[in-house]
Amino acid sequence: MTPALSVSDLTVRYGSVTAVRSVSFDLRAGSVLGLVGESGSGKSTTARAVVGLAPFTGTVRVGERDASSPRSRDAREARRRVQMVFQDSRSSLDPRFTVGQCVAEGLPAGERRDQGRRVRELLELVSLDPALVRNRPGQLSGGQRQRVAIARALAARPEVLVADEVTASLDVSVQAVVLNLLRRLRAELGLSMLFISHNLAVVRYMCDDVAVMFNGRVVEQGGVDDILARAQHPYTRALLAAVPEVGQRRLLSDAAIEASTAASPAPGPGCDYRLRCPVGPAVDPGRAICTTDDPGPGAPERVHAAVCHFASTRQGTDALAGSGELR
Amino acid sequence: MTTATTLEPAGPLPSPALPAEPTASRARPWIRFVASRLLRLVVSLLVLVTATFVMVHLVPGDPVQAALGEQATPQLVELRRHELGLDQPLPAQYVHYLRGVVTGDLGRSIVTEAPVGDLLGTRFPNTLRLAVPAFVLVILIALPVGLLTAVRTRGGRGRVTRGVFVNVTGLFNSVPDYVMATVLSVVFVVGLKLFPAAGLTGPRSYVLPVAALVVGPAASLSRIVRVEALKVLDTEYVRAAKSRRLPRRLLYLRHVLPNMMTASLTFGAMILSGLVAGTVLVENVFGWPGVGTVISQAVIQKDFPLVQGVLLVLGAAVLLLNMVVDVLLGVLDPRSRLGALR
């Protein structure tokens with residue numbers, strides 16, 4: 001089956017800064033793919049490139065259509081099928097528009113005639129009182145506003161929803177409401193979703209697959225349970241260890257966590273993560289390969305396509321044999 | 001406050017489908033908003049009237065002596081002072097003046113004895129003939145120019161465009177309007193002989209005074225418009241609209257223009273108020289028969305009723321302009337209307 005969204009070799013450069021480097025992933029139709037990583041890892045830039053807000057090289061395909069060349073008819077139709085919900089609904093809704101106007105603007109040109117009815121339907125779909133149409137975003141709560149933003153995105157009848165940290169600006173109790181809404185919409189409408197978050201608990205709840213990003217690159221991807229249970233890349237392990245969870249065994253020592261927060265991405269050849277890596281050359285002088293060779297090229301042969309010289313390979317030979325020393 | 005009560009619906013609305021509450025509360029803020037702005041205008045006008053009165057009496061020198069000449073006998077001066085009511089105590093003079101302003105009697109010129117009101121009646125329309133086209137032109141130039149340069153220079157793009165724009169508007173902005181008027185006059189009247197030098201003699205005589213008035217304010221307003229538009233272009237809701245493939249024309253008309261209007265109009269009102277002062281200077285350079293030439297003569301001759309009259313009219317024009325902008329902001333920006341009530 002054709003993936004709902006297929007990204008390959010996506011690269012985004014801003015001047016001399018490369019924000020996203022050669023990112024590839026497939027979003028299976030009807031599934032939710034999580035993009036996780038720390039701030040500045042390139043997850044939001046990837047999302048923006050996918051909806052055409054950032055200039056990129058590489059290919060983005062929506063279903064059968066190529067969305068890479070911005071002016072073609074194919075790309076325009078492809079873009080309608082991908083709609084984005086932004087992190088902060090306070091700023092992503094025009095403060096002058098009423099709720100009704102916000103949602104109506106998302107409607108495709110053909111449905112403008114029946115606007116009032118469609119807007120009410122959409123508001124009901126996201127469990128909002130249709131009487132709110134005359135209100136302005138400033139009069140709504142954060143959760144209500146985010147639901148308006150979701151209704152606006154759904155107005156275009158998308159196949160793929162890009163959700164960029166949609167719950168990051170909400171209270172915990174409201175987060176649950178929005179997350180459950182997204183899960184319900186996915187089931188009801190058969191939506192595929194690219195779900196961006198730095199919260200692994202939320203990702204576990206929402207996603208089928210996960211791609212972990214570090215320094216503009218996907219360093220590991222796979223099924224969500226598999227990644228969470230058998231993380232291959234030391235960066236993924238550090239992310240997991242950073243989640244405080246009741247009853248969970250600690251994966252890293254305090255010293256290792258401290259090291260992981262110390263330095264920014266390493267310059268020059270070798271692995272980007274080597275300065276922060278709790279099992280890398282900073283700790284283990286024997287791992288010289290991390291400072292000389294880019295772990296990228298061998299990734300397809302490794303489990304989870306991990307961008308790490310010491311990740312397990314698909315053949316089953318466990319290069320991280322001494323994984324016990326991590327604990 | 002009486003208007004607020006009479007315009008309100010008397011009882012619950014007849015239609016049960018529409019609850020009475022939201023309709024009534026939607027109409028009421030409007031009335032309260034306009035009423036509060038009107039009240040503010042009245043208070044400002046009172047301050048203006050008082051200020052013109054006090055200002056003239058604070059200016060050193062005896063206007064009567066100056067009007068009658070150095071040779072006038074003390075008895076004559078005393079007689080004239082009595083005729084003008086200047087021998088009365090200040091509070092009494094103030095009450096008299098206030099009563100005059102309210103009834104439309106602005107007194108008579110000390111020098112020519114002509115009623116100030118009549119003089120303003122013939123001269124002020126000429127000033128408006130300069131100021132109104134200048135206002136309109138400033139806005140018609142500044143909005144599109146500022147918006148277009150903002151679009152061309154957004155996100156650090158168009159370095160050259162930005163450089164040219166900033167330098168040209170900076171130059172125009174820093175040239176005072178009377179210098180601009182003089183330069184225009186030298187180049188186009190003395191040099192190229194394209195336009196008449198002075199006076200109101202036909203359509204061609206408007207060109208240079210209006211141009212001298214427009215250039216500076218248009219330059220500074222277009223800079224403000226550009227900065228405000230850049231801010232809006234960088235917001236998340238504009239980005240969200242772009243991600244929805246909203247056509248550019250609609251994006252600018254629906255999202256960018258309305259959202260930059262609040263700040264642009266507020267600054268614009270200040271700039272346009274300055275334009276009123278500009279007319280005084282520009283009128284003098286081009287010998288325009290408006291109130292600007294009147295006031296400069298009146299000041300030299302210490303013809304204080306005339307000075308008061310002109311200041312009053314110009315000041316009232318500025319206040320009125322500001323109120324119109326305030327109400328306009330209320331129409332354009334629902335938030336400022338709500339904010340006024342809190």
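Positions within a chain are numbered from 1, following the residues in the order the chain's sequence is written. Chains and ligands are labelled by the order in which they are written, letters from A for the one and numbers from 1 for the other. Only residues with pLDDT of at least 70 are given local features in this predicted model, and only at 80 or more are side-chain atom pairs given and counted; all residues enter the totals for whole chains, interfaces and linings. Water and hydrogen atoms play no part in the side-chain values, which are based on all heavy atoms of the structure.

As recorded in an unreviewed UniProt entry, chain B goes by the name Peptide/nickel transport system permease protein, listed as coming from Microlunatus flavus. UniProt positions are given in the numbering used here, feature names are shortened, and annotations may be inferred rather than shown by experiment. For chain B, the Sequence similarities (unreviewed entry) comment in UniProt is given as "Belongs to the binding-protein-dependent transport system permease family."

As annotated in an unreviewed UniProt entry, chain A is Peptide/nickel transport system ATP-binding protein from Microlunatus flavus. UniProt, in the comment section headed Sequence similarities (unreviewed entry), describes chain A in these words: "Belongs to the ABC transporter superfamily."

Colleague: What is the right way to look at the side chain of Asp303 of chain B in this model?
Modeller: All names here are of chain B. Position of Asp303 relative to the elements: it lies in the loop between helix 12 (291-300) and helix 13 (304-332). Two N or O atoms count as a polar contact when they lie within 3.5 Å, although within protein this holds only if one can serve as hydrogen donor and the other as acceptor, and sequence-adjacent residues are included solely when both atoms are side-chain atoms. A distance of 2.4 Å separates a polar atom in the side chain of Asp303 from a polar atom in the side chain of Ser109. Whether two residues are in contact is decided by their heavy atoms: any pair within 4.5 Å suffices. The residues contacting Asp303, other than those within four sequence positions of it, are Ser109, Ile110, Val111 and Ala298. In DSSP terms, a helix is any run of H or I states spanning at least four residues, a strand is any run of E spanning at least two, and both are numbered starting from the N terminus.

Colleague: What should I look at first to understand the interface of chain A and chain B in this one?
Modeller: Where interface size is given, it is often the accessible area lost as the parts come together that is meant. Taken together, the contacts link 20 residues of chain A with 20 residues of chain B. Between Arg254 of chain B and Glu105 of chain A there is a salt bridge, with the nearest N and O atoms lying 2.7 Å from each other. At the boundary of chain A with chain B, the tally comes to 10 residue pairs in polar contact (both at pLDDT 80 or more). If you list the elements that add at least two residues to the side of chain A that touches chain B, you get strand 6 (82-85) and helix 3 (89-92) of chain A. By definition here, a salt bridge exists when the distance from a side-chain nitrogen of Lys or Arg to a carboxyl oxygen of Asp or Glu is within 4 Å.

Colleague: Would you take a moment to explain the domain arrangement of chain A for this structure?
Modeller: Residue and element names in this part refer to chain A. As used throughout, domain bounds are those supplied by an automatic or database domain assignment. The domains assigned to chain A are domain 1 (5-221) and domain 2 (233-306). Measuring from the centre of the C-alpha atoms in domain 1 to the corresponding centre in domain 2 gives 30 Å. Every contact between the two is made by 14 residues of domain 1 and, on the other side, 16 residues of domain 2. Put simply, buried area is how much 1.4 Å-probe accessible surface two parts lose in total, over both of them, once they are put together. Summed over both partners, the interface of domain 1 with domain 2 comes to about 1,400 Å²; 52% of that surface belongs to carbon and sulfur atoms. Per-residue buried area on domain 1 facing domain 2 is highest for Leu200, Phe214 and Glu220; these three make up 41% of the total on that side.

Colleague: Is there a simple way to think about the domain arrangement of chain B in this case?
Modeller: According to the domain assignment, chain B contains domain 1 (29-103) and domain 2 (128-289). Centre-to-centre separation of domain 1 of chain B and domain 2 of chain B, based on C-alpha positions: 37 Å.

Colleague: What am I meant to see in the UniProt feature "transmembrane region" (unreviewed entry) in chain B here?
Modeller: All names here are of chain B. What UniProt calls "transmembrane region" (unreviewed entry) maps, in this numbering, to residues 38-59, 130-151, 178-200, 206-225, 256-282 and 310-332. Annotated as 100% helix and 0% strand, the span residues 206-225 places its first and last C-alpha atoms 27 Å apart. Taken end to end, residues 256-282 comprises 100% helix and 0% strand; its first and last C-alpha atoms sit 35 Å apart.

Colleague: Even after reading the chapter, I still don't get the pairing of strand 9 (residues 209-214) of chain A, so can you show me in this structure?
Modeller: The two faces of the sheet receive side chains in turn, since in a regular strand these alternate between them. All names here are of chain A. Partly exposed describes any residue whose relative accessible area lies between the buried limit of under 20% and the exposed limit of over 50%, with all areas from a 1.4 Å probe on protein chains only and scaled to the type maximum. Most of strand 9 sits out of view: six of its six residues are buried. Burial along strand 9 is two-sided: the residues Asp209, Ala211 and Met213 and Val210, Val212 and Phe214 are all buried. With four bridges connecting them, strand 3 (residues 32-36) and strand 9 associate as parallel partners. Bridging from a neighbouring strand, Val36 pairs with Val212 of strand 9. Paired strands are those between which DSSP finds at least two bridges. Sheet topology places strand 9 next to strand 10 (residues 217-223); six bridges connect them, and they run antiparallel. Bridge pairing in strand 10 links Ala211 to Gln221. In textbook terms, the turn of a hairpin is the stretch between consecutive antiparallel strands, and for strand 9 and strand 10 this stretch comprises two residues, one of which, Asn215, has a positive phi near 50 degrees.

Colleague: Where do I start with helix 9 (residues 204-233) of chain B in this structure?
Modeller: Helical geometry: 3.6 residues make up each α-helical turn, so side chains three or four residues apart lie on a common side. All names here are of chain B. Between its first and last C-alpha, helix 9 extends 40 Å over 30 residues, near the 44 Å set by a 1.5 Å rise per residue. Of all the bends found along helix 9, the most pronounced is centred on Val214 and spans about 30 degrees, while Pro217, a proline, follows it within four residues. By the criterion of burial, helix 9 is predominantly enclosed, with 21 of the 30 residues buried. Between the first and last residue of a helix there are one fewer steps than residues, each counted as 1.5 Å, and that sum is the expected span. Bend is the name given here to the angle between axes fitted to two runs of seven residues, the run ending at a residue and the run starting at it.

Colleague: Explanation requested: unusual backbone geometry in the structure shown.
Modeller: In terms of backbone geometry, most residues other than glycine have negative phi values and most peptide bonds are trans. Residue and element names in this part refer to chain A. Even without being glycine, Ser127 reaches a positive phi, approximately 60 degrees. When you line up the elements, Ser127 lands in the loop between helix 5 (115-125) and helix 6 (142-155). A relative accessible area of 41% means that Ser127 is categorised as partly exposed. Positive phi outside glycine occurs at Arg157, with the angle close to 50 degrees.

Colleague: How should the pattern of salt bridges be read in this particular structure?
Modeller: Side chains bearing opposite charge may pair, as long as their charged atoms lie close to each other. All names here are of chain A. In the structure shown here, the tally under the stated rule is 25 salt bridges over all chains. The shortest N-O distance in the salt bridge between Glu38 and Arg276 comes to 2.9 Å. You can see Glu38 sitting in the loop between strand 3 and helix 1 (43-50) and its partner Arg276 sitting in the loop between helix 11 (254-262) and helix 12 (289-292), a full 238 residues away along the chain. Owing to a relative accessible area of 25%, Glu38 belongs among the partly exposed residues under this scheme.

Colleague: What am I meant to see in the pairing of strand 6 of chain A here?
Modeller: Residue and element names in this part refer to chain A. Residues of strand 6 alternate between two faces, with Val82 and Met84 on one and Gln83 and Val85 on the opposite face, all of them buried. As paired elements, strand 6 and strand 7 (residues 160-164) share four bridges and run parallel to each other. Bridge assignment links Val82 to a residue of strand 7, and that residue is Val160.

Colleague: Explain a nonpolar patch on the surface here, please?
Modeller: All names here are of chain B. Surface patches are drawn from residues lacking salt bridges whose relative accessible area is over 30%; two like charges belong together within 9 Å, two nonpolar side chains (Val, Leu, Ile, Met, Phe, Trp, Tyr) within 5 Å. All accessibility values rest on the Shrake-Rupley procedure with a 1.4 Å probe; residue burial counts only the protein chains present in the view. Together, Tyr178, Val179, Val183, Val186, Val187, Val190, Leu192 and Leu281 line one region of the surface with nonpolar side chains, adding up to about 660 Å² of accessible area. No other element matches helix 8 (residues 177-191), which puts six residues into the nonpolar patch. Relative to the helices and strands, Tyr178 resides in helix 8.

Colleague: Honestly, the packing of aromatic side chains in this entry has me stumped. Any pointers?
Modeller: One pair of aromatic rings is described through two measures. These are the centre distance and the angle between the planes. Pairing of aromatic rings covers Phe, Tyr and Trp, the last through its six-membered ring, and needs centres within 6.5 Å; plane angles under 30 degrees mean stacked, over 60 mean edge-to-face, and all others mean tilted. Per the counting criterion, the structure on display carries five aromatic pairs over all chains. Taking the centre distance of 5.2 Å and the plane angle of 55 degrees together, the rings of Phe53 of chain B and Tyr94 of chain B count as tilted. With Phe53 of chain B in helix 2 (residues 20-58) and Tyr94 of chain B in helix 5 (residues 90-103), this pair connects stretches of sequence that are 41 residues apart. Taking the centre distance of 5.6 Å and the plane angle of 25 degrees together, the rings of Phe53 of chain B and Tyr97 of chain B count as stacked. Note that Phe53 of chain B is positioned in helix 2 and Tyr97 of chain B in helix 5, a separation of 44 residues in sequence. Tyr97 of chain B matches Phe53 of chain B in its accessibility class, with the two residues each being buried. Linked through ring pairs, Phe214, Tyr235 and Tyr273 of chain A together constitute an aromatic cluster. Distance and angle both matter: a charge sits over a ring if NZ of Lys or CZ of Arg is within 6 Å of the ring centre and within 35 degrees of the ring normal. Positioned above the aromatic ring of Tyr205 of chain A is the side chain of Arg183 of chain A, whose terminal nitrogen or guanidinium carbon lies 4.2 Å from the ring centre. The positively charged end of Arg287 of chain A is found above the aromatic ring belonging to Phe310 of chain A, 4.0 Å away from the centroid.

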